[in-house]
Amino acid sequence: MNEPLPILRASPTREAGLDATTLRRRTRLQGPGRLVRAGPNAFVDGAAWDAAGTRQRYVTRVYARLGRLGRLGPRATASHDSAAAVHGLPALGGWGVPVHATVPDSMYRGRTPELVLHTRPVSGAERVRVGDLAVTAVPRTVIDIAMTGDLRTGVVVADAALRNGTGRDELWRAVHPSARGRARAAQVLDLADGRSGSPAESLARVVFRELGLPTPVLQQEFVVDGRRSAVDFWFPAEGVVVEIDGRAKYTQERYLGGRSQAEVFLDEKRRHGRLLTVPGVRTIIRLEWRDLFDLDALALRFRAAGLPCAIRPVRSARRTAVGGRR
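Residues numbered from 1 in each chain as written. Predicted model: local features only at pLDDT ≥ 70, side-chain atom pairs only at ≥ 80, totals over all residues. Heavy atoms only, no water.

(A) The arrangement of the side chain of D245 in detail. Looking at where D245 falls in the secondary structure, it is placed in the loop between β10 (240-244) and α11 (248-251). In this structure the side chain of D245 is engaged in a polar contact, spanning 2.9 Å, whose partner is the side chain of R286. (Helix = DSSP H or I, 4+ residues; strand = E, 2+ residues; numbered from the N terminus. Polar contact = N/O pair within 3.5 Å; in protein donor to acceptor, adjacent residues only side chain to side chain.)

(B) Structural detail: the pattern of salt bridges. Within the structure shown, the criterion is met by 13 salt bridges. As a salt-bridge pair, E114 and R65 come within 2.6 Å of each other at their nearest N and O atoms. Linking E114 in the loop between β4 (99-102) and β5 (115-118) with R65 in helix α4 (residues 54-66), this pair joins segments that are 49 residues apart in sequence. Given a relative accessible area of 15%, R65 falls into the buried group. (Salt bridge = Lys/Arg side-chain N within 4 Å of Asp/Glu carboxyl O. Buried < 20%, exposed > 50% of the residue type's maximum accessible area, 1.4 Å probe, protein only.)

(C) Molecular detail of the sheet that holds strand β8 (residues 217-224). Taking strand neighbours across the sheet as the criterion, the four strands line up as β8-β9-β10-β11 in an open arrangement whose pairing is mixed. A single partner strand is all that each edge strand has here, and the edge strands are β8 and β11 (283-287). Along the sheet, successive strands turn relative to each other by an average axial angle of 45°, direction set aside. Note: β10 against β11, five bridges, orientation parallel. Directly across from V240, in β11, lies its bridge partner T283. Strands in contact with helix α10 (residues 199-210) are β8, β9 (227-235) and β10; relative to β9, the strand with the most contacts, it is inclined by about 35°. Helix α14 (residues 295-304) contacts β10 and β11 of the sheet and is inclined by roughly 165° relative to β11. (Pairing = 2+ DSSP bridges. Axes fitted to C-alpha atoms, helices over the stretch in contact; angles between N-to-C directions. Contact = heavy atoms within 4.5 Å.)

(D) Examining the side chain of T136 more closely. Mapped onto the fold, T136 is located in strand β7 (residues 133-136). Not counting the four nearest positions on each side in its chain, T136 is found in contact with T77, A78, S79, H80, A83, H87, V122, E126, R127, V128, T141 and D144.

(E) Up close: α4. If you check α4, its first and last C-alpha atoms are 18 Å apart, about what 13 residues at 1.5 Å a residue would give, namely 18 Å. Where α4 is concerned, the buried positions are R55, Q56, Y58, V59, T60, V62, Y63, A64, R65 and L66. (Expected span 1.5 Å × (residues − 1).)

(F) Highlighting the pairing of β7. Across the two faces of β7 the burial is the same, with L133 and V135 and A134 and T136 all buried. Direction of pairing for strand β6 (residues 127-130) relative to β7: antiparallel, over a ladder of four bridges. Among the inter-strand pairings, V130 is bridged to a residue of β7, identified as L133. The hairpin turn running from β6 into β7, its antiparallel successor, is two residues long, and G131 in that turn takes a positive phi close to 65°.

(G) Spatial organisation of the packing of helix α7 (residues 151-163) against helix α9 (residues 182-191). Taken N-terminus to C-terminus, the directions of α7 and α9 make an angle of 50°; their axes are 9 Å apart at the nearest point. Between α7 and α9, the angle falls in the class oblique. In terms of crossing hand, the pair formed by α7 and α9 is right-handed. Mapping the contact onto sequence places L151, G154, V155 and A158 in α7 and R184, Q187, V188 and L191 in α9. Taken together, the residues of the contact of α7 with α9 sort by class into five nonpolar, two polar and one charged. (Parallel < 35°, antiparallel > 145°, perpendicular 65-115°, else oblique. Left-handed = near helix turned anticlockwise from the far one by under 90°. Nonpolar A, V, L, I, M, F, W, Y, C, P; charged D, E, K, R; others polar.)

(H) Up close: unusual backbone geometry. One non-glycine residue, N41, lies in the positive phi region at around 55°. Mapping N41 onto the fold places it in the loop between β1 (35-39) and β2 (42-45).

(I) A look at the confidence of the model for the protein chain. Averaged over all residues, the pLDDT of the protein chain equals 88, while 87% of them reach at least 70. Throughout residues 318-324 the model reports pLDDT below 50, and contacts reaching past four residues in sequence, or to other chains, amount to 15 contacts. (pLDDT = per-residue confidence, 0-100.)

(J) Quick look at the environment of G131. Turning to its location among the elements, G131 is positioned in the loop between β6 and β7. G131 gets classed as exposed once you look at its relative accessible area, which sits at 68%. For the pair formed by G131 and G67, sequence separation is 64 residues and the distance between their alpha carbons is 8.5 Å.

(K) Broad picture of the packing of α4 against helix α5 (residues 80-87). Their axes nearest at 9 Å, the elements α4 and α5 cross at an angle of 120°. In terms of their interaxial angle, α4 and α5 are classed as oblique. By crossing handedness, the relation of α4 to α5 is classed as left-handed. Together, R55, Y58, V59, V62 and Y63 of α4 and D81, S82, A84, A85 and V86 of α5 make up the contact between the two elements. Tallied by class, residues from the contact of α4 with α5 come to seven nonpolar, one polar and two charged.

Below, the structure is given as structure tokens:
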């Protein structure tokens, strides 16, 4: 869910006796009436906070700081990870990150653990309103992340934007020719592909590149006994299929389709067997999300399956100090 939780602020509720001191005192309560501080002078119901997912909690923190009544006010635009959360784009590292805002140079100050400010100007065409929040538009958001993050993160977000209907030309137009980081943004867009069906598949494509694998065919369809099966990745010269197994396939109703988890497992096992009867398919490698973070072990599996694989993987993910003024 991309909507924030209802936010209480002291100033609008003062007439009801809910001044700042009263609201802060309620954060120390246990049980009914407990509040959680979501930002400066911003509180939410404790039970609602506990029931919310990590994205909704983060979106609430963004609104608490940057909404119309937030401390930074209307001159701040939610950007980078904060804009991605509001737009429903994925986060490779989760939502335990600071709030990000782009502000005029005159408002810039050093970052804190809870707030990171950026100053690259945002034009009217690059800004949209979501409720009482100003947010960078999807193309600008994707490029901001591409220019300041690593390749893995940038491709995961860019793939999701393309998959959700943003045009590739829109993304390219958001790359300012003099912006710092434009070379990394171009690298992300060259690799981005909306056919990736999930963040795990997007990450896998970058990992394959780090391992020096050939470029796979995405969403290749095979027909066996009149049934169509699209595989995540197909390496035709080597006869290798790679499938990404996510937990959602066995737990979420949109994948279950009324079937039990056991039925889904058996259907997947039968599909696996059918694919192995396709001429040219030698083997199927099934990967989980966690496998994509152990490149050395992954390289051994790929080489055992006959895929040409680098001895020393090139690691494009990097730790970055999240800076401002960009």
